[in-house]
Amino acid sequence: MSTKQERRRENRIQANATTFELTTPDKKTVSCKVVNLSRLGLGMELPENVDSPFFDALIPGARLEGTLRFAGDSLLSICEVRVRKGSFLGLEYTNLAASFLTRLSALLTPQYVASSVHAIAPEFLGADIRAAYQSDDFECIVFKPGVSGVKSMVQIYWDGKVVEVVDDVARFVPPLLVRGGMGRMSGAELLRTFASLNDDGAEKELKAFFLSLGKVFASWSTCPLELQGLLKRQLGS
């Protein structure tokens, strides 16, 4: 179970069209509007005019369960009430099995990443770099045209993988090569190194990578049009 300090550190994201279907002791479900979400808990509003001993007992320390419906998916959640203010409940997840945490992270991480993406100031970019964007577990570098004769070159770090897209041809790149080489190689030298890598059998993995990346781009309100176009071309849409 998380500590109070950890709960304070965990930022919450806005929850659009998200509900928590609360299960009552008689196995009925009550749909509650979710106000915000985190990977530790959620805030929700009880429906108006609910009046029963069960709802009256939903005070700090009470346990409850229900189904979180978010981003077209559903997740059975067991929670403890941490805060109650009128009809508002602040809940903390208590079913911390690995399978639950894995699914929860898969649902929420793209929105978390998108909510904190920021552009790197031009004065901090290398000579070969035109633009760069960073967030937790995400990085995108757009190189200037003409690096080793190519028209476009974009490097994306996401979901623990690095993909290099050169003139719309994508391939996986070992993260250690990128992280270790960026400070010592020019863009042209990196491109020659990437060209020697073997791409056999990566087509399905690349599509899965860009489908997952699409969830970040969909939640990134200021995602540049050129990156949106790159994604569409990679997915053939």
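Everything below is about the structure shown above.
All values derive from a computational prediction rather than experimental measurement.

Trainee: Please explain the layout of surface pockets as it appears in this structure.
Mentor: By rolling a water-sized probe across the atoms, one finds the places where empty space is left. Of the volumes computed, that of the largest pocket is approximately 240 Å³. The wall of the largest pocket is formed by 15 residues, among which I13, Q14, N16, Q111 and S219 lie closest to the centre. Elements represented by at least two residues in the lining of the largest pocket include exactly β1 (13–14) and α3 (98–115). Top contributing element to the lining of the largest pocket by residue count: α3, with three residues. When grouped by side-chain class, the residues that make up the lining of the largest pocket number seven nonpolar, eight polar and no charged.

Trainee: Is there a simple way to think about α3 in this case?
Mentor: Count 3.6 residues to each turn of an α-helix, and residues three or four apart come out pointing the same way. Given a rise of 1.5 Å per residue, 18 residues ought to cover 26 Å, and the 25 Å separating the end C-alpha atoms of α3 matches this to within 8%. Along its length, α3 shows its largest kink, about 40°, at L108, and proline P110 lies within four residues downstream of that point. Taken together, the buried positions of α3 are occupied by F100, L104, L107, L108, T109, P110, Q111, Y112, V113 and A114.

Trainee: When you look at the packing of helix α6 (residues 203–219) against helix α7 (residues 225–235) in this model, what are you seeing that I'm missing?
Mentor: For any two helices packed against each other, one specifies the inter-axial angle together with the distance between the axes. Between α6 and α7, the least distance of the axes is 10 Å, while the angle of their chain directions is 145°. With respect to the hand of their crossing, α6 and α7 are arranged in left-handed fashion. Listed contacts from α7 to K207, F210, L211, G214 and F217 of α6 are L227, L230, L231, Q234 and L235. When its residues are assigned to classes, the contact of α6 with α7 shows seven nonpolar, two polar and one charged.

Trainee: Hey, could you run me through the packing of aromatic side chains in this one?
Mentor: Within a pair of aromatic rings, the relevant descriptors are the distance that separates the centres and the angle that separates the planes. On inspection of all chains with the given rule, the structure shows seven aromatic pairs. Ring centres 5.5 Å apart and planes at 65° place the aromatic pair Y93 and F100 in the edge-to-face group. Under the relative-accessibility criterion, Y93 is labelled buried at 2%. A relative accessible area of 6% places F100 in the buried class. An angle of 85° between the planes, with centres 6.1 Å apart, marks the rings of F172 and F209 as edge-to-face. Remark: F209 occurs in helix α6 and F172 occurs in strand β13 (residues 169–173); sequence separation between them is 37 residues. Among the aromatic residues, those joined into a ring-pair cluster are Y133, F138, F217 and W220. Its guanidinium or amino end placed over the ring of Y112, R39 lies 4.0 Å from that ring's centre, counting from NZ or CZ.

Trainee: What's the story with the pairing of strand β5 (residues 63–70) in this structure? I'm lost.
Mentor: Side-chain direction in a regular strand flips from residue to residue, so the side chains alternate between the two faces of the sheet. Summarising the sheet, strand β2 (residues 19–23) and β5 pair through four bridges and their orientation is antiparallel. Residue F20 lies in a different strand from β5, and its bridge partner there is L68. Two strands pair when backbone bridges link them, and β5 and strand β6 (residues 73–85) are joined in this way by eight bridges, in the antiparallel orientation. Bridging from a neighbouring strand, L64 pairs with C79 of β6.

Trainee: Is there a simple way to think about the nonpolar core in this case?
Mentor: One broad rule of soluble globular proteins: the nonpolar side chains tend to lie buried together. F20, L37 and L91 are the most contacted members of the largest nonpolar core, which has 27 residues in total. If you list the elements that add at least two residues to this core, you get β2, β3 (29–37), β4 (41–45), β5, β6, β7 (88–93) and α3. The dominant element in this core, judged by the number of residues it contributes, is α3, at five residues. With near-sequence residues (within four places) excluded, L91 lies in contact with R12, F20, L40, G41, L42, M44, L64, C79, E80 and V81.

About the thresholds
Residues numbered from 1 in each chain as written. Predicted model: local features only at pLDDT ≥ 70, side-chain atom pairs only at ≥ 80, totals over all residues. Heavy atoms only, no water. 1 Å grid on protein atoms, 1.4 Å probe; cavity = no way out; pocket = protein on both sides within 12 Å on 5 of 7 lines; lining within 4 Å. Points joined across faces, edges and corners; volume = space filled by probe spheres on them. Helix = DSSP H or I, 4+ residues; strand = E, 2+ residues; numbered from the N terminus. Nonpolar A, V, L, I, M, F, W, Y, C, P; charged D, E, K, R; others polar. Expected span 1.5 Å × (residues − 1). Bend = angle between axes of the 7 residues up to and from the residue. Buried < 20%, exposed > 50% of the residue type's maximum accessible area, 1.4 Å probe, protein only. Axes fitted to C-alpha atoms, helices over the stretch in contact; angles between N-to-C directions. Left-handed = near helix turned anticlockwise from the far one by under 90°. Contact = heavy atoms within 4.5 Å. Phe/Tyr/Trp six-rings, centres within 6.5 Å; stacked < 30°, edge-to-face > 60°. Lys NZ or Arg CZ within 6 Å of the ring centre and 35° of its normal. Pairing = 2+ DSSP bridges. Core = buried A, V, L, I, M, F, W, Y, C linked by side-chain atoms within 4.5 Å.

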